[in-house]
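Geometric and topological summary
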Amino acid sequence: MSAALKTTGGGSDAPRHFLELMDLDTPTLRHMLELGRRSKRGEAPGQPLAGKTVALIFELPSTRTRVSFEVGIRQLGGTPLVLTAKEIQLNRGESIKDTARVLSRYVDAIMLRTADVAQMRELAEYATIPVINGLTNISHPCQLMADVMTFEEHRGPIAGQVVAWTGDGNNVAQSYIQAAARFGFILRIATPPELEPPAELLAWARREGARIELSNDPVAAVQGARAVVTDCWISMSDEKTAAAQNRHNMLMPFQLNSALLRHAAPDAIVLHCLPAHRGEEITDEVMDGPQSVVFDEAENRLHAQKGILLWAFGAG
Ligand code: CP
Ligand code: NVA
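First, a word on what this report is: a plain description of the structure on this page. A quick note: this is a predicted structure, and the numbers were derived from the prediction, not measured.

The rules behind the values
- Residues numbered from 1 in each chain as written.
- Chains lettered and ligands numbered in written order.
- Predicted model: local features only at pLDDT ≥ 70, side-chain atom pairs only at ≥ 80, totals over all residues.
- Heavy atoms only, no water.
- Pairing = 2+ DSSP bridges.
- Helix = DSSP H or I, 4+ residues; strand = E, 2+ residues; numbered from the N terminus.
- Axes fitted to C-alpha atoms, helices over the stretch in contact; angles between N-to-C directions.
- Contact = heavy atoms within 4.5 Å.
- Near = heavy atom within 4 Å.
- Polar contact = N/O pair within 3.5 Å; in protein donor to acceptor, adjacent residues only side chain to side chain.
- Nonpolar A, V, L, I, M, F, W, Y, C, P; charged D, E, K, R; others polar.
- Areas by Shrake-Rupley, 256 points an atom, 1.4 Å probe, with all protein chains shown as cover.
- Buried < 20%, exposed > 50% of the residue type's maximum accessible area, 1.4 Å probe, protein only.
- Arc of directions from axis to C-beta.

**Structural notes on the sheet that holds strand β5 (residues 162-166)**
Hydrogen bonds along the backbone pair up the strands of a sheet, which may run parallel or antiparallel. Overall, parallel pairing links the 5 strands, which are arranged β7-β6-β5-β8-β9 in an open sheet. The sheet is open, and its two borders are formed by β7 (211-215) and β9 (269-272), each paired with just one other strand. Geometrically, the sheet is characterised by an average inter-axis angle of 20° between neighbouring strands, direction not taken into account. Alignment of strand β8 (residues 227-230) against β9, held across 4 bridges, turns out to be parallel. Among the inter-strand pairings, T230 is bridged to a residue of β9, identified as H272. On top of the sheet, helix α5 (residues 141-155) reaches β8 and β9; it is set at about 165° to β9, its chief contact.

This is how it looks when you write it as structure tokens:
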């Protein structure tokens, strides 16, 4: 693992953080997925989180992450505590370091969604309880656990399969790169040259043995793929900086529409983390078409995250 990219300290008594896929090995991630699948099949033990409270801190909006964590924690017998950054002292300049120390005295785990990955890393450094990454400007690992679960439910083992990404080289794309290294699928990424994912991350993934092809040609990327994935053109953490019109012009050739999907394998599935901007990165026809599994994918956020929680609490 690259020292520059490494995000967790480790150590046997260290809290079990779920920060980046790259921090965890394949058997550990596979174990979490299996816990999530068992829970989905109704085979999980009763109330493993009874008496536990999990703080869910949102510095950015959310539908799926908020509801799936809140419901999942309740289903496991725990108590979720949703905190929007606006209503806590973090918003008035209290440091994330002090927030981590204080919350560690009250609750048993913290999930954070933030536009600044440095906040996530500092929280994890100072918290004495597990920290779960609920999206940052550079990653969305919970989403990838759900995406891998969804692919495997529909098409079997993902290792060795071709997955194509078309659009912005954003946080979700960057977690796809980490997932390719950990789950062994072949990842083809097509983005405009200006929006390519970071070279350092690609170099890390390749050192880990990942097979990743980067291009600026969506048709070449999608050719024969078993899954085609896209995401919004302007991510939440880019909203202030991205010149909207420019992005739209730049990304229109990467739109996931029927013409592009025809180049994929005939049984290719379509994934999108949602929320979708219909008519921008994905057309209605594809989103509502027979190859789309985006609502199974959304449902699997719940199941995959229950697997992550069970692992973080040492309950599985
Ligand atoms: N996919 C996802 O994380 O959705 P939300 O932003 O609604 O949580
Ligand atoms: N890339 C998107 C994902 C939303 C779940 C964003 O960061 O806004």
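Let us keep going from here.
**What about the site of ligand 1?**
Taken together, S62, T63, R64, T65, R113, H140, Q143, C273, L274 and R301 make up the full set of residues near ligand 1. Take R64: an N or O atom from its main chain is 2.8 Å from an oxygen atom of ligand 1. Separating an oxygen atom of ligand 1 from a side-chain N or O atom of R301 is a distance of 3.0 Å. Considered class by class, the residues forming the shell around ligand 1 number 2 nonpolar, 5 polar and 3 charged.

**As for the site of ligand 2**
If you check the shell around ligand 2, you find L135, N170, N171, D231, C232, S235, M236, C273 and L274 and nothing else. A distance of 3.3 Å separates a nitrogen atom of ligand 2 from a polar atom in the side chain of N170. The contact in question runs from a nitrogen atom of ligand 2 to an N or O atom on the side chain of D231, over 2.6 Å. Summarising the interface, the protein chains cover 94% of the accessible area of ligand 2, which totals 270 Å² for the free molecule. Residue composition of the shell around ligand 2, grouped by class: 5 nonpolar, 3 polar and 1 charged.

**Notes on helix α7 (residues 199-207)**
Since the α-helix packs 3.6 residues into each turn, any two residues three or four apart lie on the same face. Buried within α7 we find L201, L202, W204 and A205. Down the axis of α7, the buried set is contained in an arc of 160°. They therefore lie on one face. In α7, those exposed residues whose orientation departs by more than 90 degrees from the buried face are A199 and R207. Close packing links the buried residues of α7 with α6 (171-183) and β7. Phi turns positive one or two residues past the end of α7, at G209, with a value near 95°.

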